[in-house]
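# Summary of the model geometry
Chain by chain, the residues:
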Amino acid sequence: PAFDAHVPLLSLPRIFGTTLHTIPKTTPYLNVHGSDVRHWRSIIAGEGPAIGVVWSGTQHLKALRNRSCPLAQMAPLFSRLAMRRYSLQVGPASGDLAQIAPGTRPVDLSPHLRDFADTAAAVTMLDLVISIDTAVVHLAGALGKPVWALLPDDPDWRWMREREDSPWYPGMRLFRQRRGEGWGPAISRVGEALRIMADRRRERQ
């Protein structure tokens, strides 16, 4: 359409004079339609904490090496704790679930995830999302849900350096891959954080 002015999206922080202290970070700033919530409540139901996982970004992107983690490396997270596990993974990578033993395999939600509205509604039913650096971490952050992001050792500039939090999403925690270590140590730290979370939940009961 016709326009009177144009500005590149990533020039807006400079124009607004945005600093780390003035980044708009009130969440949630996205909401899900009530009928979608009711629909997904019937799909994700049960007792105990529900956790969603994503392990791979869009397959055709050149940066996929930084946005994917072999699902088999995440498998210890599924067997270590008593929690309901759901896969928010879509696309060809969702077939990786066949590698996981049936007893600990996350429930595959991909047949129900037609678009981002479905993913958003599914996320609202979860207590926590654990994901590689994909659009899902931003969606969960915008919905105000707790989300743990696994980042490569050379992440996108928006994640900055040496931080375990994000100024854009108050409910986000960052687990960084250390240079030369691969994903194993970062996933171990996630596992320890899950154990602590489970212990605290039991103490409150």
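## Considering the side chain of Asp133
By secondary structure assignment, the location of Asp133 is in the loop between strand S4 (128–132) and helix H5 (135–142). By relative accessible area, which is 11% here, Asp133 ends up buried. Looking at Asp133, its side chain comes within polar contact range of the side chain of Trp159, at 3.0 Å. Aside from chain neighbours lying at most four places away, what touches Asp133 is Arg67, His138, Leu150, Leu151, Asp156 and Trp159.

## Here's the deal with the layout of surface pockets
The computed volume of the largest pocket comes to approximately 710 Å³. Lining the largest pocket we find 22 residues, and of these Leu10, Pro13, Ile23, Arg158 and Trp168 sit closest to its centre. Listing elements by their share of the lining of the largest pocket, those giving two or more residues are helix H1 (12–16) and H5. Classifying every residue of the lining of the largest pocket gives 17 nonpolar, four polar and one charged.

## Some points on the pairing of S4
A large share of S4 lies buried, amounting to five of its five residues. Residue alternation in S4 divides its side chains into two sets, Leu128, Ile130 and Ile132 and Val129 and Ser131, and both sets are buried. Sheet topology note: the strand S1 (residues 50–54)/S4 ladder contains four bridges and is parallel. Each bridged residue has a counterpart across the sheet, and for Val53 the counterpart in S4 is Ile130. The pairing of S4 with strand S5 (residues 147–151) spans four bridges and is parallel. Counted as the bridge partner of Ser131 is Ala149 from S5. Chirality of the crossover, the property in question, places the unit of S4, H5 and S5 among those that are right-handed.

Conventions we followed
Each chain has its residues counted from 1, running along the sequence as written. Residue-level local features of this predicted model are given only where pLDDT is at least 70; pairs of side-chain atoms are given and counted only at 80 or more, and the full residue set underlies all totals for whole chains, interfaces and linings. With hydrogens and water set aside, each side-chain value is computed from the structure's full complement of heavy atoms. Going along the chain from the N terminus, every DSSP run of H or I of four or more residues is numbered as a helix, and every run of E of two or more is numbered as a strand. Summary of the burial criterion: residues with accessible area below 20% of their type's maximum are buried, those above 50% are exposed, and those between are partly exposed, where the area comes from a 1.4 Å probe applied to protein chains only. For this analysis, a polar contact is any N or O atom pair within 3.5 Å, provided that within protein one partner can donate a hydrogen and the other can accept it, and provided that sequence-adjacent residues contribute only side-chain to side-chain pairs. By definition in these notes, contact holds between two residues if any of their heavy atoms fall within 4.5 Å. Of the two site types, the cavity is a set of points on a 1 Å grid over the protein atoms alone where a 1.4 Å probe fits but cannot get out, and the pocket is an open set with protein on both sides within 12 Å along at least five of seven lines, each lined by residues with an atom within 4 Å of a point. Grid points are joined across faces, edges and corners, and a volume is the space filled by probe spheres set on the points. Lys, Arg, Asp and Glu make up the charged group, whereas Ala, Val, Leu, Ile, Met, Phe, Trp, Tyr, Cys and Pro make up the nonpolar group; the residues left over, Gly among them, are polar. When DSSP finds two or more bridges between two strands, those strands count as paired. The path from the first strand over the helix to the second decides the hand: if it runs clockwise while the strands point away from the viewer, the crossover is right-handed.

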